[in-house]
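A closer look at the structure
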Amino acid sequence: MQTAPMLIAVLALSFATALAHAEDKKYSLADLKALVDDKSYQEALMHMGDIKPSDRKAEWKDLLGQAAAGYAASGKDALDKLRNMLAIEEQYPSVVKHAKYAAVRTEFGPKGFEACFSNSYGVDQCRTYAIAFVDDDAANGKLALAVAKIARKGMNAYNSSPLFKRAVASAKKAACKDSDLSLSTIAALGLPTDHNDYNDGKSVADSCFAELKPKIIKELEGSSGYYKDNACALLTAKGEKAVAAKLCTKDDD
């Protein structure tokens, strides 16, 4: 049986292939508009490429966005909707700039990743898809935070740190106050310093230090190992010398 991330890849590839091999008959811009007006979104998408690149002006871009939004939302379930979006974006990356499509993406993308992460196999692939999905609309803080929170629940907490780093970059005020972000960051601080997820977690801790400080200190009480070393280094770098002097003494032999 195929896992969720493998299913996404297979279905997205099959749809992208269909897009690339649409019927030989070429459609005009008027034809595309008629299809979109008729809510024949899949057929419209199949023939968006009939218009020469030099003729893909504002009207064509708007029709693409409308068709993409309609087709993405038509999926039978959350995973199917995500597959639709990934396939469309593979063919037409600029579609994410269309406001209507971006709204559909923000609404259904997190639900699709929730379905992906709910499968115990292939969560690393889900994270790879999720990071790329967020990066394609990097200014969308709402989307980044929603996907990061889903990843935190669907895998080891520290594995979500790259997504929380992106959420902080685009929605710092909301992200830094988030409880899932604190769980992810504290978990990442417990990793060796050469671990990629540690580096992303450390970046989040630096950016959100004011909000995270109480929880970092609480976790430090009675801790040892990588977390103690990393948290103490962070507190010292942030000028919290009194706290470091109290909690960061060397363990007794």
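Residues numbered from 1 in each chain as written. Predicted model: local features only at pLDDT ≥ 70, side-chain atom pairs only at ≥ 80, totals over all residues. Heavy atoms only, no water.

1. Looking at the state of the cysteines
Throughout the structure, instances matching the rule amount to three disulfides. For C116, the disulfide goes to C126, at an S-S distance of 1.9 Å. Its torsion about the S-S bond being -85°, the disulfide of C116 and C126 is classed as left-handed. Taken together, the residues span a long stretch of sequence, with C116 in helix α6 (residues 99-117) and C126 in helix α7 (residues 123-135) at a distance of 10 residues. In this model C232 forms its disulfide with C248; the gap between the sulfur atoms is 2.0 Å. The S-S bond linking C232 to C248 shows a torsion near -95°; that makes this disulfide left-handed. Linking C232 in helix α13 (residues 225-237) with C248 in the segment after α14 (241-247), this pair joins segments that are 16 residues apart in sequence. If the cysteines joined by disulfides in the protein chain are listed in sequence order, their pairing comes out as 1-2, 3-4, 5-6. (Disulfide = S-S within 2.5 Å. Helix = DSSP H or I, 4+ residues; strand = E, 2+ residues; numbered from the N terminus.)

2. Some thoughts on the packing of aromatic side chains
In the structure shown here, the tally under the stated rule is two aromatic pairs. Centroid distance W60 to Y92: 5.8 Å. Interplanar angle 75°. Geometry classified as edge-to-face. One end of the pair, W60, is in helix α4 (residues 58-73); the other, Y92, is in the loop between α5 (78-91) and α6, and 32 residues separate them in sequence. Of the two residues examined, W60 and Y92, each falls in the buried class. (Phe/Tyr/Trp six-rings, centres within 6.5 Å; stacked < 30°, edge-to-face > 60°. Buried < 20%, exposed > 50% of the residue type's maximum accessible area, 1.4 Å probe, protein only.)

3. Here's the deal with the environment of E221
Inspection of the secondary structure puts E221 in the loop between α12 (209-220) and α13. C-alpha separation for the pair E221 and C248, spaced 27 residues apart in sequence, amounts to 9.1 Å.

4. Side note on unusual backbone geometry
Located in the positive-phi region is K39, a residue other than glycine, with phi close to 65°. Following the sequence through the fold, K39 ends up in the loop between α2 (29-37) and α3 (41-46). With a relative accessible area of 59%, K39 lands in the exposed category.

5. As for the pattern of salt bridges
A full pass over the atoms with the stated rule returns 15 salt bridges. The partner of E89 in a salt bridge is R105, and the shortest N-O contact between them spans 2.7 Å. Taken as a pair, E89 in helix α5 and R105 in helix α6 lie far apart in primary sequence, 16 residues in all. Here the two residues E89 and R105 agree in accessibility, since each one is buried. In this structure, D180 and K153 form a salt bridge, with 2.9 Å as the shortest nitrogen-oxygen distance. In this pair, D180 is assigned in helix α10 (residues 179-188) and K153 in helix α8 (residues 141-154), connecting sequence segments 27 residues apart. (Salt bridge = Lys/Arg side-chain N within 4 Å of Asp/Glu carboxyl O.)

6. Overview of the side chain of R105
The buried category is assigned to R105, whose relative accessible area is 0%. When residues no more than four places from it in sequence are discounted, the contact partners of R105 are M85, E89, V96, P110, F133, D136, D137 and L143. (Contact = heavy atoms within 4.5 Å.)

7. What about the packing of α2 against α4?
Viewed as axis vectors pointing N to C, α2 and α4 meet at an angle of 30°, and their least axial separation amounts to 10 Å. Taken as axis vectors, α2 and α4 run roughly parallel relative to one another. Considering only the axes of α2 and α4, their crossing is left-handed. Where α2 approaches α4, its residues L29, L32, K33 and V36 are matched on the opposing element by E59, W60, L63, Q66 and A67. Broken down by class, the residue content of the contact of α2 with α4 amounts to six nonpolar, one polar and two charged. (Axes fitted to C-alpha atoms, helices over the stretch in contact; angles between N-to-C directions. Parallel < 35°, antiparallel > 145°, perpendicular 65-115°, else oblique. Left-handed = near helix turned anticlockwise from the far one by under 90°. Nonpolar A, V, L, I, M, F, W, Y, C, P; charged D, E, K, R; others polar.)

8. Structural notes on the nonpolar core
Core analysis: the largest hydrophobic core is formed by 71 residues, its most contacted members being M48, Y101, F117, L163, L181 and I216. At eight residues, α4 tops the list of elements feeding residues into this core. Those residues in contact with F117 that sit more than four places away from it in its chain are V123, C126, R127, A130, I150, A151, G154 and M155. (Core = buried A, V, L, I, M, F, W, Y, C linked by side-chain atoms within 4.5 Å.)

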